Number of protein chains: 2
Amino acid sequence: MTVTIKDVAKMAMVSPSTVSRVISDDPRISEETKLKVNEAMKELGYHPNAIARSLVSKSTNTIGVIMPKSAHLSLANPFFPEVLRGISASANENGFYILLSIEDDGIGKVNTIDKIVKTGMVDGVIMLYSKLEDETLRMLIDKNFPFVMVGKPINGTKVSYVDNDNIGASYEATTHLINKGRKSIAIITGPLNMVVSLDRLEGYKRALMDNRIEFNPDLVISAEFSKENGYGAVENLIKIGKLPDAILAVDDLLAVGAMEAIKDAGLKIPDDIGILSFNNITTAEYLSPSLTSVDINPYELGVEATELLFQKLQNKKLLPQARIVPTKLIIRESC
Amino acid sequence: MTVTIKDVAKMAMVSPSTVSRVISDDPRISEETKLKVNEAMKELGYHPNAIARSLVSKSTNTIGVIMPKSAHLSLANPFFPEVLRGISASANENGFYILLSIEDDGIGKVNTIDKIVKTGMVDGVIMLYSKLEDETLRMLIDKNFPFVMVGKPINGTKVSYVDNDNIGASYEATTHLINKGRKSIAIITGPLNMVVSLDRLEGYKRALMDNRIEFNPDLVISAEFSKENGYGAVENLIKIGKLPDAILAVDDLLAVGAMEAIKDAGLKIPDDIGILSFNNITTAEYLSPSLTSVDINPYELGVEATELLFQKLQNKKLLPQARIVPTKLIIRESC
DNA sequence: ATTTTTTGTGCAAACGGTTGCACTATTTTC
DNA sequence: GAAAATAGTGCAACCGTTTGCACAAAAAAT
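Conventions adopted
Residues numbered from 1 in each chain as written. Chains lettered and ligands numbered in written order. Predicted model: local features only at pLDDT ≥ 70, side-chain atom pairs only at ≥ 80, totals over all residues. Heavy atoms only, no water. Helix = DSSP H or I, 4+ residues; strand = E, 2+ residues; numbered from the N terminus. Rg over C-alpha atoms; globule rule 2.2 N^0.38 Å. Buried < 20%, exposed > 50% of the residue type's maximum accessible area, 1.4 Å probe, protein only. Contact = heavy atoms within 4.5 Å. Lys, Arg positive; Asp, Glu negative; His and termini not counted. Charge placed at Lys NZ, Arg CZ, Asp CG, Glu CD. Expected span 1.5 Å × (residues − 1). Pairing = 2+ DSSP bridges. Right-handed = clockwise from strand over helix to strand, strands pointing away. Near = heavy atom within 4 Å. Polar contact = N/O pair within 3.5 Å; in protein donor to acceptor, adjacent residues only side chain to side chain. Nonpolar A, V, L, I, M, F, W, Y, C, P; charged D, E, K, R; others polar. Axes fitted to C-alpha atoms, helices over the stretch in contact; angles between N-to-C directions. Parallel < 35°, antiparallel > 145°, perpendicular 65-115°, else oblique. Left-handed = near helix turned anticlockwise from the far one by under 90°. Least-squares fit on C-alpha atoms with pLDDT ≥ 70 in both. Core = buried A, V, L, I, M, F, W, Y, C linked by side-chain atoms within 4.5 Å. UniProt positions renumbered as here; feature names shortened; annotations may be inferred. Phe/Tyr/Trp six-rings, centres within 6.5 Å; stacked < 30°, edge-to-face > 60°. Lys NZ or Arg CZ within 6 Å of the ring centre and 35° of its normal.

Can you lay out the overall build of chain A for me, pointing to particular residues and giving the numbers?
Along the backbone of chain A there are 13 helices and 12 strands. Rg of the C-alpha trace for chain A: 26 Å, well past the compact-globule value of 20 Å for 335 residues, more than 25% over. Taken over the C-alpha atoms alone, chain A extends approximately 90 × 40 × 35 Å along its principal axes. Buried residues in chain A amount to 51% of all 335 residues. Residue pairs in contact within chain A that sit at least 24 positions apart in sequence constitute 70% of those at least 6 positions apart. Taking the average place of the 37 positive charges on the side chains of chain A and the average place of its 42 negative ones, the gap between the two points comes to 5 Å.

Kindly report on helix α3 (residues 31-44) of chain B, identifying the contributing residues and their values.
Residue and element names in this part refer to chain B. In a regular helix each residue adds 1.5 Å, so 14 residues correspond to 20 Å; α3 covers 20 Å between its end C-alpha atoms and thus fits that length. In the core, the buried residues of α3 are packed alongside α1 (5-12) and α2 (16-23). Just downstream of α3 lies glycine 45, where phi reads positive at about 65°.

Please provide a residue-by-residue account of the pairing of strand β8 (residues 246-249) of chain B, values included.
Residues and elements named next belong to chain B. Covered by surrounding structure in β8 are Ala246 and Leu248 together with Ile247 and Ala249, the residues of both alternating faces. Of the pairings in the sheet, the one linking strand β6 (residues 185-189) to β8 comprises 4 bridges and is parallel in character. Considered in β8, the bridge of isoleucine 187 is made with leucine 248. A crossover connection joins β8 to the parallel strand β9 (residues 274-278) through helix α12 (residues 252-264); in handedness this β-α-β unit is right-handed.

An account of the protein's contact with DNA strand D is needed here, citing residue identities and associated values.
Near DNA strand D you find 27 residues, and of these A:Ile5, A:Ser20, A:Arg21, A:Arg53 and B:Thr18 are the closest. The protein-proximal atoms of DNA strand D, defined as those within 4 Å of the protein, are 62% sugar or phosphate. In the model, a phosphate oxygen of DNA strand D is placed 3.0 Å from a nitrogen or oxygen of the A:Tyr46 side chain. For the surface near DNA strand D, the elements supplying multiple residues, two or more each, are α1 (5-12), α2 (16-23) and α4 (50-57) of chain A together with α2 and α4 (50-57) of chain B. It is α4(A) that contributes the most residues to the surface near DNA strand D, 4 residues altogether. Of the residues contributing to the surface near DNA strand D, the split by class is 10 nonpolar, 11 polar and 6 charged.

Which residues make up the packing of α4(A) against α4(B), and what are the values?
In a packed pair of helices, the relevant descriptors are the angle between the two axes and the axis-to-axis distance. Two elements in contact, α4(A) and α4(B), have axes separated by 9 Å at closest approach and are oriented at 140°. Between α4(A) and α4(B), the crossing angle belongs to the class labelled oblique. Crossing of α4(A) against α4(B): the hand is left-handed. Residues A:Ile51, A:Ala52, A:Ser54 and A:Leu55 of α4(A) touch α4(B), and the partners they reach there are B:Ile51, B:Ala52, B:Ser54 and B:Leu55. The class makeup of the residues in the contact of α4(A) with α4(B) is 6 nonpolar, 2 polar and no charged.

Kindly report on the relation of the copies chain B and chain A, identifying the contributing residues and their values.
Placing chain B over chain A gives an RMSD of 0.2 Å and needs a rotation angle of 180°, together with 0.1 Å of translation along the axis. The superposition operator between the copies reduces to a two-fold rotation axis. When each C-alpha of chain B is compared by its distance to the rotation axis, B:Leu99 comes out closest, at 2.2 Å. Of the interface residues in chain B, 100% have counterparts in chain A that sit at the interface too, so the contact is made through matching surfaces.

Requested: an account of the nonpolar core, with residues and values cited.
The biggest cluster of nonpolar side chains holds 50 residues, and the ones touching the most others in it are A:Leu100, A:Ile126, A:Leu128, B:Leu100, B:Ile126 and B:Leu128. Residues in contact with B:Leu128, not counting those within four places in the same chain, are B:Val65, B:Ile66, B:Met67, B:Pro68, B:Phe80, B:Val83, B:Ile87 and B:Val150. A:Met127, A:Leu137, B:Ala50 and B:Met149 belong to the second-largest nonpolar core, a separate cluster that totals 40 residues.

Outline the protein's contact with DNA strand C, supporting the account with residue identities and numerical values.
Looking at DNA strand C, there are 26 residues lining it, with A:Thr18, A:Thr33, A:Lys58, B:Ser20 and B:Arg21 nearest. Within 4 Å of the protein, the contacting atoms of DNA strand C are drawn from sugar and phosphate to the extent of 62%. Mapped onto the surface near DNA strand C, the elements with two or more residues apiece are α2 and α4 of chain A together with α2 and α4 of chain B. No other element matches α4(B), which puts 4 residues into the surface near DNA strand C. Here the surface near DNA strand C is built from residues that sort into 10 nonpolar, 11 polar and 5 charged.

Now, about the UniProt feature "domain: HTH lacI-type" (unreviewed entry) in chain A: what can you tell me, with residues and values included?
Residues annotated in UniProt with the feature "domain: HTH lacI-type" (unreviewed entry) correspond here to residues 3-57 of chain A. The annotated region residues 3-57 of chain A carries 69% helix and 0% strand content, and the separation between its end C-alpha atoms amounts to 21 Å.

Can you tell me about the packing of aromatic side chains, naming the residues and giving the values?
Under the criterion given, the structure shown has 6 aromatic pairs over all chains. When the centroid spacing of 6.3 Å and the interplanar angle of 75° are considered together, the rings of A:Tyr204 and A:Phe215 count as edge-to-face. A residue pair is termed long-range when its members are at least 10 positions apart, and A:Tyr204 in helix α10 (residues 195-210) and A:Phe215 in the loop between α10 and β7 (220-222) qualify at 11 residues. Classification of A:Tyr204 as buried rests on a relative accessible area of 0%. The exposure class of A:Phe215 is partly exposed, given its relative accessible area of 31%. Centroid distance B:Phe79 to B:Phe80: 5.1 Å. Interplanar angle 80°. Geometry classified as edge-to-face. The same class applies to B:Phe79 as to B:Phe80, namely buried. Positioned above the aromatic ring of B:Phe215 is the side chain of B:Lys205, whose terminal nitrogen or guanidinium carbon lies 5.0 Å from the ring centre.

I'd like to hear about the sheet that holds strand β2 (residues 97-103) of chain B, residue by residue, with values.
The mixed open sheet is built from 12 strands, whose spatial order is β11(A)-β5(A)-β4(A)-β3(A)-β1(A)-β2(A)-β2(B)-β1(B)-β3(B)-β4(B)-β5(B)-β11(B). At either margin of the open sheet sits one strand with a lone partner, and together these are β11 (322-325) of chain A together with β11 (322-325) of chain B. Geometrically, the sheet is characterised by an average inter-axis angle of 20° between neighbouring strands, direction not taken into account. Summarising the sheet, strand β1 (residues 62-68) of chain B and β2(B) pair through 7 bridges and their orientation is parallel. Along β2(B), the bridge assignment pairs B:Ile63 with B:Ile98. Along the sheet, helix α8 (residues 134-142) of chain A makes contact with β3 (124-127) and β4 (147-150) of chain A, crossing β4(A) at roughly 145°. Against the sheet, helix α8 (residues 134-142) of chain B touches β3 (124-127) and β4 (147-150) of chain B, its axis set at about 145° to β4(B).

Give me the side chain of B:Thr60: which residues, what numbers.
Among the structural elements, B:Thr60 can be located in the loop between α4 and β1. A distance of 3.1 Å separates a polar side-chain atom of B:Thr60 from the backbone oxygen of B:Met121. When residues no more than four places from it in sequence are discounted, the contact partners of B:Thr60 are A:Ile51, A:Met121, B:Ser54, B:Gly120, B:Met121, B:Val122 and B:Asp123.

Set out below in structure tokens:
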């Protein structure tokens, strides 16, 4: 049925080895036989079987990409799809394929990383996943299996990762607010067990410090990313009478909620309160006032992750390293 | 280095065949040896090599998923990610993996479908892709290779596909407008070489006909999906003095633009003009007035596509068939 | 005119599994 | 108690490639 290397060999009247060598462009093959073989291949419509090749070469030219199923990021903004595009572009360029797995968050679920790694389906893994169970992480490290994480790992484990320059971006954003004359800047940050929240808080603190503004813990609100929580955060600031003249929200959704609350309180943006947030969702530009936001580059994140992984594939002994992708402050009307 | 079936065999003091049979749960193996073998497998941390298995079984338990890189749908709304989630969930349930390829739209680019199919990396293919070059399509059909398309194919080719019930949805939407007392309904449709545009136009026509409203070609505007085009379409209607009392936009983006144009013209929504559109992007609910829109179910589309593909894998002779996924009209303030 | 080197190709053993068939030991049947 | 059926396991071929090594023929060196 399927045409194999032997069929080609027969037709070209050479041995299978020779055909194989033609395929891999072995310099020892004469031009003459190359021609014959190539002709036979074309004639028969031959394509080398990837599985058989993998079996002997012990590499599949495939990288596993593990995505969380968790909704808020993947739906509210095209973060994951964009990372994926970056990975895909970079992988394609290097002749690699992508085995995608969307992990079920539920505990006790079958772990696909485990399977694809242990059964040898992939050469390396990229994880868009920070809440990774330690067990899997341990396994990867113990096996010295090449992998890269997108997003700084949670517990300081020494692994390779790529991430946005969250600290730098937050520093820049905060400085921008300060330069606009804002004195009292609140920050609505995400859950404090998320590295992204901590990093953005850190950048905020550093900027305050560098500008000799005292850090005020009352102006730090931590909440899950959602419009409602953004709204609630502002309500709360109003209630305790600590209304700032600017708000830094670590996620656009929080900002959207905050903006509503501010308007509902009869205050003006940016006149009374300036607002600035992160991620630059598409809606940001359509809000009124349009929202100043830090644009991140998920595509580039994907590219960098893949390149880093390829380095590891070539040199298994490469030490864990980080790649930080710059961000860009998009200035609009909200501050 | 890696532990193979032979190592297990040695440790359990049986032949490799026996180990293989234990793995595939062959009933002829005695409980006793099963125990021995399982113990040895655990002891050695053995996992059967997927590649080797594939080589002999001639199946990889992997399906290829081909996504277009083209931006407008994948970015403006989470359509593709959602389809992907559906595919992933369904595939996982059946112990299948996903080989994802994001195709570069550019002509002359290497065609990944071709490669993964011809080199035997996947058992079947799902294409989220309607602008498929005929060449690839032909190849798949000629090889009788199992595949399913998401979205009705463009040229009536007899292939298996899943799609939203676009005609039905449009019929329902138009009827809704009519029931609200609208007499003169314009439709802003997408490019007329896209099946989705045609189908939604078709549903619109049928609803008019069933309600004895004459179809007026002047009220049909075709434009690429974008805010700007939605704006322009309304501007144009105004200019030619054919302002309707309702607009059916086949995409939310068009509706958003249309709404702006209507407001800019000093008209009121829904009082002067009602508006209704398709796809129900997240923003729809936040607009003012909030936008009545047809919610589609991309997740289900993915699930159905995968199930259909599995049917084909089991029965290669299955005739091409379609699966139509119902939609849901979400009524809000805009009409 | 030998010997040595180079060039081009083939042989056969892997890679890590699966499976049809044969075979022995045990059980069932008559 | 011998023949037939059944149960449990192993042998060896195969899946479609790659690759180390051997080898013959041709070219180069002596």
